[in-house]
Amino acid sequence: MSFGKPPNIDSFIGAPPLLGSFPVDHEGECKNVMKEYMKCMRANKNNNGECRSFSRAYLQCRMDKGLMEKDDMNNLGFADLKKESSQ
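Residues numbered from 1 in each chain as written. Predicted model: local features only at pLDDT ≥ 70, side-chain atom pairs only at ≥ 80, totals over all residues. Heavy atoms only, no water.

Participant: Even after reading the chapter, I still don't get the overall build of the chain, so can you show me in this structure?
Facilitator: Looking only at helices and strands, one finds two helices and zero strands in the chain. Within the chain, contacts between residues at least 6 apart in sequence are counted, and of these 55% link residues at least 24 apart. Surface accessibility of the chain: about 7100 Å² in total, with carbon and sulfur atoms responsible for 53%. (Helix = DSSP H or I, 4+ residues; strand = E, 2+ residues; numbered from the N terminus. Contact = heavy atoms within 4.5 Å. Areas by Shrake-Rupley, 256 points an atom, 1.4 Å probe, with all protein chains shown as cover.)

Structural data, given as structure tokens:
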């Protein structure tokens, strides 16, 4: 029986995602930045538009610490924000 897959497919070889897969911050290197972002989210009733500078700072921290591949902030959707890392 195939149990959820077509019976004529023997195996499937997947490909890793292009973006979106990065190591968990086990050492808490960016924990303070993440906490500031979460604090902002709570204060703004989960309106992430009000907390974009914190989100940008968090991603920058991850890139600086080698927890994700470095990329230009414009490519990550922050082209409209200045270099400033917090509100």
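Participant: Hey, could you run me through the environment of E50 in this one?
Facilitator: The residue E50 is located in the loop between helix 1 (31–43) and helix 2 (52–64) in this model. Residue class for E50 comes out partly exposed when judged on its relative accessible area of 40%. Distance from E50 to C40, taken between C-alpha atoms, is 7.7 Å for residues ten residues apart in sequence. (Buried < 20%, exposed > 50% of the residue type's maximum accessible area, 1.4 Å probe, protein only.)

Participant: Mind showing me how you'd approach the environment of R52 here?
Facilitator: Turning to its location among the elements, R52 is positioned in helix 2. In sequence terms R52 and M41 are eleven residues apart; their C-alpha atoms lie 9.7 Å from each other. Contact partners of R52, with chain neighbours within four places excluded, come to G77, F78, D80 and L81. Side chain to side chain, R52 and D80 meet in a polar contact 2.8 Å long. (Polar contact = N/O pair within 3.5 Å; in protein donor to acceptor, adjacent residues only side chain to side chain.)

Participant: What exactly am I supposed to notice about helix 1 here?
Facilitator: Two residues of an α-helix separated by three or four positions point the same way, owing to the 3.6 residues in each turn. Taking 1.5 Å per residue as the helical rise, helix 1 with its 13 residues ought to reach 18 Å, and the 18 Å between its terminal C-alpha atoms agrees with that figure. Those residues of helix 1 not exposed but buried are Y37, C40 and M41. The buried residues of helix 1 all sit within an arc of 100° when viewed along its axis, so they share a single face. Residues of helix 1 that are exposed and angled more than 90 degrees away from the buried face: N32, R42 and A43. Next to the buried residues of helix 1 lie helix 2. (Expected span 1.5 Å × (residues − 1). Arc of directions from axis to C-beta.)

No statement about biological role is implied by the geometric values presented.
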